[in-house]
Amino acid sequence: MANAGLEKTKIIAVCGKGGVGKTSISAAMTKILIDNGGQKVLAIDADPAVGLAISLGVQVRKSIDDIRNDLIGRVQKGEGGDREEVITRLDYEVFDAIEEQHGLAFLAIGRPEKEGCYCQVNSLLKDIMASIASSFDYVIIDGEAGVEQINRRVMERVSHLILVSDTSAKGLHVAQTIKAVSDKAIAYQKAGLILNRIRSEEEKDRLSIMPELNCQGWIPEDDVIRSFDIEGRSILEIPDCPAMGAIRESLWRFGLLPSQEQKKL
Amino acid sequence: MELFDRQFDEIRDYLHQMRAAGKTREMSYARNIEWPSGNNRNLVLAGDTAVELGNPRDESISLLLWTNDSDKIKDSRITLVGPDLQESVGKRLPFGKIVFIGGSLFNADNAYDRYRELEGIRYDMDLKGYMMRAVSQYQREWSRVSWEAIRNGLSFVILGSALIERLREKQYVSTVEVIFVTSSPEDVLSLKGIGTQAAGIINAMNKMAEEMSFDCDTCEYIDVCSDVTALRSMRDALVKRRMTQNG
């Protein structure tokens, strides 16, 4: 499998406790990277509820889980073919499952793989997704809560781990747990925390954040992003607002986006 | 009689009809074309696509047939049925691709391995601005040509020539002919029957190569083998070889 270009691809995993705003942040980051121009961006929805698809206004026709189940069904009927045939077919099917619109490429994982079952199929699918990912400049993965996937090594090739939390102690605790697990499982280039739905700078300053979480920015509570979320409108259409500005700033801090000054150079 | 005699004849008849309808153009292999490599990062997204061929929702067929009789091949000929890439900008077209290969000494011992090797080459085209996805089991090929590639002059002569060049790297390949079809869904669909026959022969061959059992009475390809003498010869050769191996 040709993964030679993968080191050029920035693979960003957005993780955190459920309900902290991971999906909106993933969608907003996707929009910012697309708007940055000339870059190929693949958004992967690893949440079975396909929240990222809704946030990006994408209709999912086929998920990785559908492809896996179809192949498993064929294998059970003795129609699997040999390894090379399976690889080319999966590559074709996965590429067909990519939804494209407004400069965005989107892939839904569907239900997560079953541990221990059909590990060869899962392993081939991982290789093919890595191969396809290697053709993009950025891959953004919106995970479930996060820890489970890191344990399953689905995200073992992640280069940037973005932990998201609100101000709750529970949110920060989950971020810390994810960080601890990921430190052992992922050879990432950079990991850091983004605080979401902060009402004021004072509120942010009152929080005691463990230094190892490496806080890279905070996003203000913003009615524009909130209304898009409530109305189920695509974040790709969102106008500039304070939350989008803060997310852009965070991407720059993570080294994922050139600053305005660098752009001018 | 060889494996694909009937399919060669039917495709020649098909081309004759297409020619009579004024849909074909015949071109020759262009030597030493220098098209840059995409370094295996040939991703062409919808927004960058100038021409799309054989999308999964459109008709598509892709076949590779071989023969020991090189006279059956019009060596280095690239036949195009329908518009060329430069005439199809902004369009999504149905797509057919047929590759005829004339070689030396394709036999029961090597046909399966050679077929796998040639299939691999057919789908391994690294041309900048040209993205291909293909599944041999579905006999489908889906490709996209970028705006940049169109501006730089990519055409079916270049695609066909690059393919001919790659296939000729194999010593046992002496002649290659390529046919592209882009004219209409119906013209691509007309080749499906031939594709189904060819798939039956290839599947029967694969089964023989992969399975130890030669019980024809229970085999789903019994009709195909009854029809194609070369498959029966292949089977007999394999049975004989296994008997020798087993003492």
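Up top is the structure.
Read on for an overview of the structure.

Scoring rules and cut-offs
Residues numbered from 1 in each chain as written. Chains lettered and ligands numbered in written order. Predicted model: local features only at pLDDT ≥ 70, side-chain atom pairs only at ≥ 80, totals over all residues. Heavy atoms only, no water. Salt bridge = Lys/Arg side-chain N within 4 Å of Asp/Glu carboxyl O. Helix = DSSP H or I, 4+ residues; strand = E, 2+ residues; numbered from the N terminus. Buried < 20%, exposed > 50% of the residue type's maximum accessible area, 1.4 Å probe, protein only. Pairing = 2+ DSSP bridges. Axes fitted to C-alpha atoms, helices over the stretch in contact; angles between N-to-C directions. Contact = heavy atoms within 4.5 Å. Expected span 1.5 Å × (residues − 1). Phe/Tyr/Trp six-rings, centres within 6.5 Å; stacked < 30°, edge-to-face > 60°.

Focus on the pattern of salt bridges
Residue and element names in this part refer to chain B.
Then comes step 1: Scanning the model with the defined rule gives 30 salt bridges over all chains in all.
Then comes step 2: Across the pair Asp 187 and Lys 23 runs a salt bridge whose closest N-O atoms are separated by 2.8 Å. A residue pair is termed long-range when its members are at least 10 positions apart, and Asp 187 in helix α5 (residues 185–189) and Lys 23 in the loop between α1 (5–20) and β1 (24–28) qualify at 164 residues.
Then comes step 3: A relative accessible area of 32% means that Lys 23 is categorised as partly exposed.

Here we look at the sheet that holds strand β8 (residues 140–146) of chain B
Then comes step 1: Pairing within the open sheet is mixed, and its four strands lie in the order β5-β2-β8-β7 (chain B). Every other strand in the sheet has two partners, leaving β5 (91–93) and β7 (130–135) of chain B as the edge strands with one partner each. Averaged over all pairs of adjacent strands, the angle between strand axes in this sheet comes to 10°, irrespective of strand direction.
Then comes step 2: Note that β7 of chain B and β8 of chain B share six bridges and pair antiparallel. What sits directly across from Val 135 of chain B, in β8 of chain B, is Arg 140 of chain B.
Then comes step 3: Across the sheet, helix α4 (residues 83–97) of chain A touches β7 and β8 of chain B, and the angle it forms with β7 of chain B is around 120°.

Overview of α4 of chain A
Residue and element names in this part refer to chain A.
Then comes step 1: Its 15 residues place the ends of α4 21 Å apart at the C-alpha level, agreeing with the 21 Å of an ideal helix rising 1.5 Å per residue.
Then comes step 2: Buried residues dominate α4, accounting for twelve of its 15 residues.
Then comes step 3: Of the residues making up α4, those classed as buried are Glu 85, Val 86, Ile 87, Arg 89, Leu 90, Asp 91, Tyr 92, Glu 93, Val 94, Phe 95, Asp 96 and Ala 97.

Quick look at the environment of Glu 10 of chain B
All names here are of chain B.
Then comes step 1: By secondary structure assignment, the location of Glu 10 is in helix α1.
Then comes step 2: When the C-alpha positions of Glu 10 and Ile 194 are compared, they lie 7.3 Å apart, and in sequence the two are 184 residues distant.
Then comes step 3: Setting aside chain neighbours within four positions, we find Glu 10 in contact with Ile 194 and Gln 197.

Details of the sheet that holds strand β6 (residues 160–165) of chain A
Residue and element names in this part refer to chain A.
Then comes step 1: Reading across from one edge, β3-β4-β2-β5-β1-β6-β7-β8 is the order of the eight strands in this open sheet, with mixed pairing throughout. With partners counted over all chains shown, the strands left at the sheet margins are β3 (99–101) and β8 (215–220), one partner each. For this sheet, the mean inter-axis angle between neighbouring strands, taken without regard to orientation, is 20°.
Then comes step 2: By the bridge criterion, five bridges tie strand β1 (residues 10–16) to strand β5 (residues 138–142) in an arrangement that is parallel. Across the sheet, Lys 10 pairs through a bridge with Tyr 138, a residue of β5.
Then comes step 3: Sheet strands in contact with helix α7 (residues 169–185) are β1, β6 and β7 (190–198), and its direction is about 160° off that of β6.

As for the packing of aromatic side chains
Then comes step 1: Enumeration according to the criterion identifies nine aromatic pairs over all chains in this entry.
Then comes step 2: Taking 6.2 Å as the distance between ring centres and 80° as the angle between the ring planes, the aromatic pair formed by Tyr 92 of chain A and Tyr 138 of chain B counts as edge-to-face. Residue Tyr 92 of chain A is located in helix α4, and its partner Tyr 138 of chain B is located in the loop between β7 and β8; the two belong to separate chains.
Then comes step 3: Note on Phe 95 of chain A and Trp 142 of chain B: the rings are 5.5 Å apart at their centroids and 65° apart in plane angle, and the pair reads as edge-to-face. Remark: Trp 142 of chain B occurs in strand β8 and Phe 95 of chain A occurs in helix α4; the pair is interchain, linking two chains.
Then comes step 4: A relative accessible area of 2% means that Trp 142 of chain B is categorised as buried.

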